[in-house]
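# Breakdown of the fold
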Amino acid sequence: MVQLRTFMGIPRERIPWAPTVNVERCSGCGACLDECPNGVYALDEQEGVARVVAPDRCVVLCDKCAPACPGDAISFPDKDATKRLLRELASHALASD
Ligand code: SF4
Ligand code: SF4
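On a predicted model such as this, the values are computed, not experimentally measured, just so you know. (Residues numbered from 1 in each chain as written. Chains lettered and ligands numbered in written order. Predicted model: local features only at pLDDT ≥ 70, side-chain atom pairs only at ≥ 80, totals over all residues.)

### Thoughts on the overall build of the protein chain
Broken down by element type, the protein chain carries two helices and six strands. When the backbone C-alpha atoms are referred to their principal axes, the protein chain occupies close to 45 × 25 × 20 Å. Sorting the 97 residues of the protein chain into buried and exposed places 14% on the buried side. Excluding contacts between residues fewer than 6 apart, the proportion of contacts in the protein chain whose partners are at least 24 apart in sequence is 61%. (Helix = DSSP H or I, 4+ residues; strand = E, 2+ residues; numbered from the N terminus. Buried ≥ 20, exposed ≤ 12 C-beta atoms within 10 Å, placed from the backbone. Contact = placed C-beta atoms within 7 Å.)

### A short note on the pairing of strand β5 (residues 49–52)
Judged from the four bridges that link them, strand β4 (residues 41–44) and β5 form a sheet pairing that is antiparallel. Looking across to β5, one finds that A42 is bridged to R51. Hairpin connection of β4 to β5: four residues between the antiparallel strands, including G48 at a positive phi of 70°. (Pairing = 2+ DSSP bridges.)

### Observations regarding the site of ligand 2
Near ligand 2 there are 14 residues, and of these C26, C29, A31, C32 and C69 occur at the shortest range. Looking at the shell around ligand 2, its residues break down into 10 nonpolar, four polar and no charged. (Near = placed C-beta within 6 Å. Nonpolar A, V, L, I, M, F, W, Y, C, P; charged D, E, K, R; others polar.)

### Quick notes on unusual backbone geometry
A positive phi angle, near 55°, is found at M8, a position not held by glycine. Here M8 shows up in the loop between β1 (6–7) and β2 (10–11). M8 sits in the partly exposed class, given 13 other C-beta atoms within 10 Å. In this model, D72 sits at a positive phi of 55°, which is unusual for a non-glycine residue. Mapping D72 onto the fold places it in the loop between β5 and β6 (74–75). Of the residues examined, D72 has 11 C-beta atoms within 10 Å and is grouped as exposed.

### Notes on the environment of E35
Within the element layout of this structure, E35 appears in helix α1 (residues 31–35). Given 16 C-beta atoms within a 10 Å radius, E35 is considered partly exposed. Here the alpha-carbon distance between E35 and K64, two residues 29 residues apart in the chain, equals 7.7 Å. For E35, the contacting residues outside a window of four places in its chain are K64, C65 and A68.

### As for the nonpolar core
Considering soluble globular proteins, one finds that nonpolar side chains tend to be buried as a cluster. Core analysis: the biggest nonpolar cluster contains 13 residues, and C32, C36, Y41, C65, C69 and I74 have the highest contact counts within it. Ignoring anything within four residues of it in the chain, the contact list for C36 reads Y41 and C65. (Core = buried A, V, L, I, M, F, W, Y, C linked by C-beta atoms within 7 Å.)

Written out as structure tokens, the structure is:
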């Protein structure tokens, strides 16, 4: 399992990129767990839904699990807004080096 601690010199925990599961649409099928190699999701067996248990393990700007969800239950932040934020955070990270 790859765990990125920084991205473009930015501490990973400062980057708000991770999936959100709409539990109203989630059937608990587990396809997202199969799709993600990084252990971002776990199945909540009691509720029968997927939970995001390790958001910082999500690869920044990856969204490949979303189309794998048959219920269209997975969403991500806006990519362009995230890219703008990354440029901003990266310039601050460089300036503080
Ligand atoms: S976007 Fe990629 S890294 Fe993030 S949870 Fe989905 S498959 Fe895993
Ligand atoms: S793939 Fe979608 S429906 Fe299946 S467990 Fe994950 S979020 Fe729920």
